[in-house]
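Overview (structure and organization)
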Amino acid sequence: MKANRLAKSVRIALAFGASSTLLLSGAAFAQAEDEQEEEEAERAERITVVGSRIRTDGLDSATPIEIISAELATEQGLSTLGELLRTTTIAAGSDQLISAYSVGFVTAGGAGNESISMRGLGANRTLVLLNGRRAGPAGTRGQVAAYDMNSLPVAAIERVEILKDGASSLYGSDAVAGVINIITKKGDDASVNFSGSKPMDSGGETYRLNGTYGESFDNGSYRIVLDHNVNTGLQRSDRDYFACNERYFFDPESGERADPIDPRTGEFHCNGTGYGLYRGFGGGRLLFDETGYGFPQAGTDAYDDDFVNGAPAGWYWAGWDKESDGWLNGQHPFFRTQSMIPETSTTAAFIQGDYDLGDSMSLYGEFLHSSRETEIYSARQFWTADIGYVPLSLAEGWSGSELVLPVAITDHYGNTTTVDYTRGVIGLEGSIGFWNWDMSYQRSYNKGEYAQKVILRDSMIMAQLNLIGAGPCEGEQSPLSGRDCVPVDWFSWDHMNGNPGADVKAFLFGDEVGNTIYKQDTFDAYITGDILDLPSGPLATAVGVYYQTDELKDTPGVETLRGNSWGLSGAGITAGKSKTKAVYGELSAPVLRDLPFVEALDVTGSARWTDVDAYGSDTTFKVSMNWSIGGGLRARASRGTSFRAPALFELYLDNQTGFLGQNIDPCINWVESENPLIRENCAAAGVPESYIAGIGSSMTAVTGGGAGQLQAETSVSEGFGFIWESPERMWAASVDYYKVTIDDQVSNVGGSNVLNLCYTSENFENEPFCDQITRRDGTDGDYGIDTVRGGYVNVAQQLVRGVDIVTTFNAETPIGQLRSTLNHTIQIERVFQQFPDSDPISYIGRISNPKHIGTLNTSLMTNDWTFTWNARYVDKTSNYYLYTNGNELQYRGETVNFIADTPTYVIHALSAQTRLFDGLDVTFGLANIFDKEPPKAGPSAVAVAGNTIYASQYDYYGRRAFVNLSYQF
C-alpha cells in the first residue's frame, strides 16, 4: 500500500510529452530508485496499469500501451474526454461518433452521445474501464451499448491508459479492439479551475468551471470533484463552409466552377432542401417571388411550356434547366439556424476514497453522477406524400391540367435529450502474505429522456384526404392524436414557406417524450502473487471470478410507439436482460536471464471462460512474449482470441422503422439488367417488363433484433514489435505491427442489402431474405416495395492491419528541457466482407479512413514557463474509385467533375503555461492556429453539411483562443 517504483516511474514517463507509450522505462526506474527511500515515507496513489492483473512494473509491457496525460486537454483547449481521445491515432484513423452527427442522423446512444471506436472496429468492440473496472453504458434510445465520453469530467482525470490489443481473456467481452482505462486523480490538493474556448467567429464557445478537493490522512484519503461544462453550440450560419449547399461542380476542361448562378446574389446557387409546388411531369418547381426580384410570371409566354394556364401574381417556374436552377429557393432561413454542433450542458460530481481497515486490508469506493442536456434545432420538409401528386386545379387562382406536389418547410423538428448517469463502486483490497487480492461491486444506472418534435401522421392523412374531397374535416378530430381538424391550405405560399398558421400547427404538429433505462451490475474478485521462484525469477499468477448483469428498456414516445410519427423512423419497446459469468487466470513466467542476446525473456499467458445466458459459453486466451535483446533493444509479440456476445439492442431491438426510396429496387427496369438472376427473379416475382420507374411513395424499412438467431463474434488479435532506447536515454522509438480478424461479426443488414440478396439469389424460391420483402400488387401501375425488413445478423468477416510508430526525444538544452513525442499510425488494411461469397469492401484511403495519421507534441520547459506545440495530421483521401466514371457526371447535359477527395489536413495548437503568483497557474493559447477549414466536397457524392465533409478527424470550430485558470489553495 506504500509508494513504489511504479508510481514514480509512471509520473516520470508522463513527463515525456503528454502522450507516451512508456518507452523510457529504464530512465524512469533509475530515477525512481534514487528517490525510493524518500518515497517510502509518503503515501502514494494506487496505480493500475492496463493489460495485466499481475502486479508488475508494467512499463516493459509485452503489448503496446499508450498513456495520455489529461494535461493534453489543457494544452490544446479541449473540453471533453471524447475530444482528448480523438487526438490519438487509434481513434483518428476512422470516423468516430461525435455529437455533431446526431443533428442529422439517429445515432447509437442518442443525441449528443460520443463514443470511441478503436481501429475503426466499432464502439461495441472497445472496452472502457474506469480505474480498472468496467464503465457501464450511457445514452438514450434502443441502441445504447457503449460508454458515453461526456459522462466523466476531464477535471477528474489524471491520465488515460490505452491497451492497443485485444484483451478478452483478461477483461471479458467487448475488449476486441483494445481497452481504454481512465485513471482518476488522487492525492492532497484543493483547487478551483476555470477554462474557456472562444472561436474567432461566433458560435462554438465552451466554458468549464470546476472545483476539486482531496485530502489524505493516517488511514485513508478522499477526493471530491464538481464540474460544470457548457458548449454553446454551432449553427449553420455561424460558418461560411456550413451555410450554403453549393453543387460544387467543375468544368473538366478549364477547371472553372460549373454551378448555376443565383441572380439575386450573383453567387453560386445554394442547393438546399427544397419547397414549393413540385411539377409532376417535366421537372422543376413553382415558387413565389417573395423578394420581388422579377422572375417571369408563371402561365405566361415567357416559358416554352404551357403546363400552367393561369397563376396568381408573383409565381414563377424554376429548376427546369441550368439557368433556372439558380432561381430556386434553396436555402430557407430555418436551415441557417440548424444546429451543426448541438448546445450541450453537463454537470457532474465525482467522489472517491479509501480507508485502511488494518495493516493488510483497505476499503475503497467511487461515486459518479453526471447530468447532460443536449438541444438540437433543425428543419424538415412535409408534403402530400400519402396521396401523392394532386391536380393543380385544386389550388385557388390556378388553372391547368398539371399534377403537382405541394412541399412545405417547417422548423418543428428537433429534440432535447437529457441523460442522467450514475455509477457507484465499493470494494476491498488487501494482502495475505505476499499475495494481493481485490474484490469490488459496481452498479451503473443510466436514465435518459428524449423529447422530440413530431408531425402527426393521422392528422396529415386527414388533411390530405380533405384536400381531394375524400374525407370530412369540420367538427372532426384526428383518430389517434385527438386534434381538432383544420383545413390545410396546401397551396398557399405562407404554408409552404413555413408559416401555416397557429391553428394548422396545432392540428399537424405534436411532441413526445421517450425514455431509456440501462442498468449494469458487476462483481469482480481476483488474487495475484508469486507461486514459486524460478532460476530466472518468480513465477507469478492471477486468478479471478466475474459476474455481470445487464438490463435495457427503451420506451419510445407515444406517437412513435403507435406509428403516428409522420416521416420519421418508428420503433417498439426494446427490452432485454443478460447475465454473464466468467472465470479467468493469468500466468507470467521469466524464462531466460543474462544470456548473449537475451538479457531477459518473459512469457505471459491468460485464459478466460465466459458464459452469457443470452448466447452461451466460450473460452478465450492470450499469449505474449517480452524479449529484452540488449543494447536498449527489446522485442515483443502477442496473440490472443476474443469473443463478443451480441449487445442487448442487437438481440432485442424492436421494429425500428425508416424510409427508403423506390430507386433501390433491383426490379426497376429489370428487363435491361445485365444480371440474368435479377431478370429471372423479378419476372418470377410478378413484376412486369413495363415497370421501368419507381412509382408511389417510399418503402418502409424495418430493423429488428436477432434474438434466437445471432451467434457471438469471435476474433484473433496478433501483434509484434520492437522498442529501442538510446544509451544516454535521449531517444526512444517503437514500431508495432497489429492485425485483428473478426469472424461472424454482428452487423445490421439494411433494406438495400436485403433486396439485392433476394433478387440475386440462385435459389429465389427458397431464399430466406425474400421472405423479408412485401411488394405492392400493381394497382395504378405500382409494383414497388411496400416493406423490407432488415436486422442484425452474423456476417462473414472484418479485418484490420497496420503499424504504430512512436518516437520520443528528451534533452536538456541551453534554454530549457525539450521533450517531444511523435505518434504515427499506418493503416495497411481495413476490409469488411458481408457474406462468404460477397466481394470484400476495402475502406483504407476512403474519406474518413486515411492511410496515415499522426500527432507531434513538443514542449519546452524554461524557468517558470512551459511552451507546448501540437500538430495533428490526417492523410489525403479519395472516394473516386467507388464510381464507374471516376469524378465525372452529367449535369443538364454537360459533363462536369465533382469533388470527392480531401487533401492532407494538418492543424496546429500552441500554448504557454506559467504561475502568475502563489497558487494561481494560467495556461493560454491558440487552437487551429492557421484557421484550417475542414475539407469541402460535393453533395452529389459525399455526406456533407454545406459543402463540409462529415468526418470526425476535421475541426469544425476554426481558429480559437483558449485559457485555463487554476487556483490551488
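Residues numbered from 1 in each chain as written. Predicted model: local features only at pLDDT ≥ 70, side-chain atom pairs only at ≥ 80, totals over all residues. Heavy atoms only, no water.

1. Considerations on the overall build of the chain
- The helix and strand tally for the chain stands at 17 helices and 51 strands.
- Here the chain has a C-alpha radius of gyration of 31 Å; the compact-globule value for 969 residues is 30 Å, and the two agree.
- By element, 53% of the accessible surface of the chain is carried by carbon and sulfur atoms, the whole surface being about 38900 Å².
- Side chains of the chain carry 71 positive and 123 negative charges; the gap between the two charge centres is 4 Å. (Helix = DSSP H or I, 4+ residues; strand = E, 2+ residues; numbered from the N terminus. Rg over C-alpha atoms; globule rule 2.2 N^0.38 Å. Areas by Shrake-Rupley, 256 points an atom, 1.4 Å probe, with all protein chains shown as cover. Lys, Arg positive; Asp, Glu negative; His and termini not counted. Charge placed at Lys NZ, Arg CZ, Asp CG, Glu CD.)

2. Quick word on helix α11 (residues 457–467)
- For α11, the set of buried residues is D458, S459, M460, M462, A463, Q464 and L467.
- Lining the buried residues of α11 we find β20 (380–383), β21 (390–391), β24 (435–455) and α13 (502–508). (Buried < 20%, exposed > 50% of the residue type's maximum accessible area, 1.4 Å probe, protein only. Contact = heavy atoms within 4.5 Å.)

3. Some words on the pattern of salt bridges
- In the structure shown here, the tally under the stated rule is 36 salt bridges.
- Where R776 meets D782, a salt bridge forms, and the shortest distance between an N and an O atom there is 3.2 Å.
- Within the structure, one salt-bridge network assembled from shared partners comprises R125, R644, E650 and E713. (Salt bridge = Lys/Arg side-chain N within 4 Å of Asp/Glu carboxyl O.)

4. Section: the packing of aromatic side chains
- Under the defined criterion, the tally for this structure stands at 33 aromatic pairs.
- With a centroid separation of 4.9 Å and an interplanar angle of 40°, the aromatic rings of Y293 and F295 are classed as tilted.
- Owing to a relative accessible area of 44%, Y293 belongs among the partly exposed residues under this scheme.
- By relative accessible area, which is 10% here, F295 ends up buried. (Phe/Tyr/Trp six-rings, centres within 6.5 Å; stacked < 30°, edge-to-face > 60°.)

5. Examining the state of the cysteines
- The tally for this structure, following the rule as stated, stands at four disulfides.
- The residue that forms a disulfide with C244 is C270, at a sulfur-sulfur distance of 2.0 Å. Because the torsion about its S-S bond is -120°, the bridge between C244 and C270 counts as left-handed. Of this pair, C244 sits in the loop between α8 (240–243) and β11 (249–250) while C270 is found in the loop between β13 (267–268) and β14 (276–279), placing the two residues 26 residues apart along the sequence.
- There is a disulfide in this structure between C667 and C682, and the S-S distance comes to 1.9 Å. Because the sign of the S-S torsion sets the handedness, a value of about -85° for the bond joining C667 and C682 places this disulfide among the left-handed ones. Taken as a pair, C667 in the loop between β31 (656–660) and α16 (676–684) and C682 in helix α16 lie far apart in primary sequence, 15 residues in all.
- Judged by its relative accessible area of 0%, C667 falls in the buried class.
- On the basis of relative accessible area, C682 is assigned to the buried category, the value being 0%.
- Each bonded cysteine of the chain gets a number by its place in the sequence, and the pairs then read 1-2, 3-4, 5-6, 7-8. (Disulfide = S-S within 2.5 Å.)

6. Quick notes on unusual backbone geometry
- Phi is positive for F597, which is not a glycine, with a value near 60°.
- Here F597 shows up in the loop between β27 (574–595) and β28 (598–612).
- Not every positive phi belongs to a glycine, and N928 is a case in point at roughly 50°.
- By the element assignment, N928 lies in the loop between β48 (920–927) and β49 (944–945).
- A residue is classified by how much of its surface remains accessible, and N928, at 3% relative accessible area, is buried.

7. Looking at a negative patch on the surface
- On the surface, a cluster of negative charge is made up of D201, D240, D931 and E933.
- Its location among the elements puts D201 in the loop between β7 (189–199) and β8 (206–217).
- Overall, D201 belongs to the partly exposed group, its relative accessible area being 40%. (Patch = residues over 30% accessible without salt bridge, like charges linked within 9 Å, V, L, I, M, F, W, Y side chains within 5 Å.)

8. Remarks on the sheet that holds strand β45 (residues 894–898)
- With respect to topology, three strands assemble into an open sheet ordered β11-β45-β44, the strand pairing being antiparallel. In this open sheet, the two strands that pair with only one neighbour each are β11 and β44 (888–891).
- Relative to β45, β11 runs antiparallel, the two being bridged by two bridges. What sits directly across from F250, in β45, is N897. (Pairing = 2+ DSSP bridges.)

9. Focus on the side chain of N947
- Note on placement: N947 falls in the loop between β49 and β50 (948–949).
- For N947, a relative accessible area of 2% translates into the label buried.
- Here the side chain of N947 touches E246 through a polar contact of 2.8 Å, landing on its backbone oxygen.
- Setting aside residues up to four positions removed in sequence, N947 forms contacts with Y241, C244, N245, E246, Y248, P935, K936, A937, G938 and P939. (Polar contact = N/O pair within 3.5 Å; in protein donor to acceptor, adjacent residues only side chain to side chain.)

10. With respect to α16
- Taken together, the buried positions of α16 are occupied by I678, N681 and C682. Seen end-on, α16 carries its buried residues on one side only, within an arc spanning 100°. The exposed residues of α16 that point more than 90 degrees off its buried face are E680 and A684.
- On its buried side, α16 packs onto α17 (751–759).
- Structurally, the start of α16 carries an N-cap: the backbone nitrogen of L677 is 2.9 Å from a side-chain oxygen of N675.
- Residue G686 follows α16 closely and has a positive phi angle near 85°. (Arc of directions from axis to C-beta.)

11. Structural notes on the environment of T337
- Relative to the helices and strands, T337 resides in the loop between α10 (333–336) and β17 (339–341).
- According to the relative accessible area criterion, T337 is partly exposed, its value standing at 39%.
- Separated by 100 residues in sequence, T337 and S237 have C-alpha atoms that sit 6.3 Å apart.
- With sequence-adjacent residues up to four places away left out, T337 is seen in contact with Q235 and Y377.
- Of the polar contacts made by the side chain of T337, one reaches the backbone oxygen of F334; its length is 3.0 Å.

12. Here's the deal with the nonpolar core
- One finds L277, L286, W315, F382, W398 and L508 to be the most contacted residues of the largest nonpolar core, which totals 45 residues.
- For this core, the elements supplying multiple residues, two or more each, are β15 (285–288), β16 (315–318), α10, β22 (403–410), α11, α12 (493–496) and α13.
- Among residues more than four places away in sequence, those in contact with L508 are F382, V454, I455, L456, S459, M460, A463 and V488.
- If you look at the next biggest cluster of nonpolar residues, it comprises 38 residues, including A135, I157, I162 and Y738. (Core = buried A, V, L, I, M, F, W, Y, C linked by side-chain atoms within 4.5 Å.)

13. Observations regarding the confidence of the model for the chain
- In this model, the chain carries an average pLDDT of 88, and 93% of its residues clear a pLDDT of 70 or more.
- Looking at the elements of the chain, mean pLDDT is at its lowest for helix α1 (residues 5–15), recorded as 36, and at its highest for α13, recorded as 97.
- Here residues 1–48 is a poorly scored stretch, pLDDT under 50, and it has 106 contacts once near neighbours within four places are set aside; other chains count. (pLDDT = per-residue confidence, 0-100.)

14. Topic: the side chain of T862
- Following the sequence through the fold, T862 ends up in strand β41 (residues 852–862).
- Assessed through its relative accessible area of 18%, T862 is described here as buried.
- Dropping the residues within four chain positions of it, T862 is found in contact with I815, G816 and F867.

15. Considerations on the environment of D533
- With respect to the helices and strands, D533 occurs in strand β25 (residues 509–534).
- Residue classification places D533 among the exposed residues on the basis of a relative accessible area of 66%.

16. What about the environment of G284?
- Tracing the backbone through its elements, the reader meets G284 in the loop between β14 and β15.
- With a relative accessible area of 16%, G284 lands in the buried category.
- Expressed as a C-alpha distance, the spacing of G284 and G319, which sit 35 residues apart in the sequence, is 4.2 Å.
- Among residues more than four places away in sequence, those in contact with G284 are L277, Y278, R279, W317, A318, G319 and W320.

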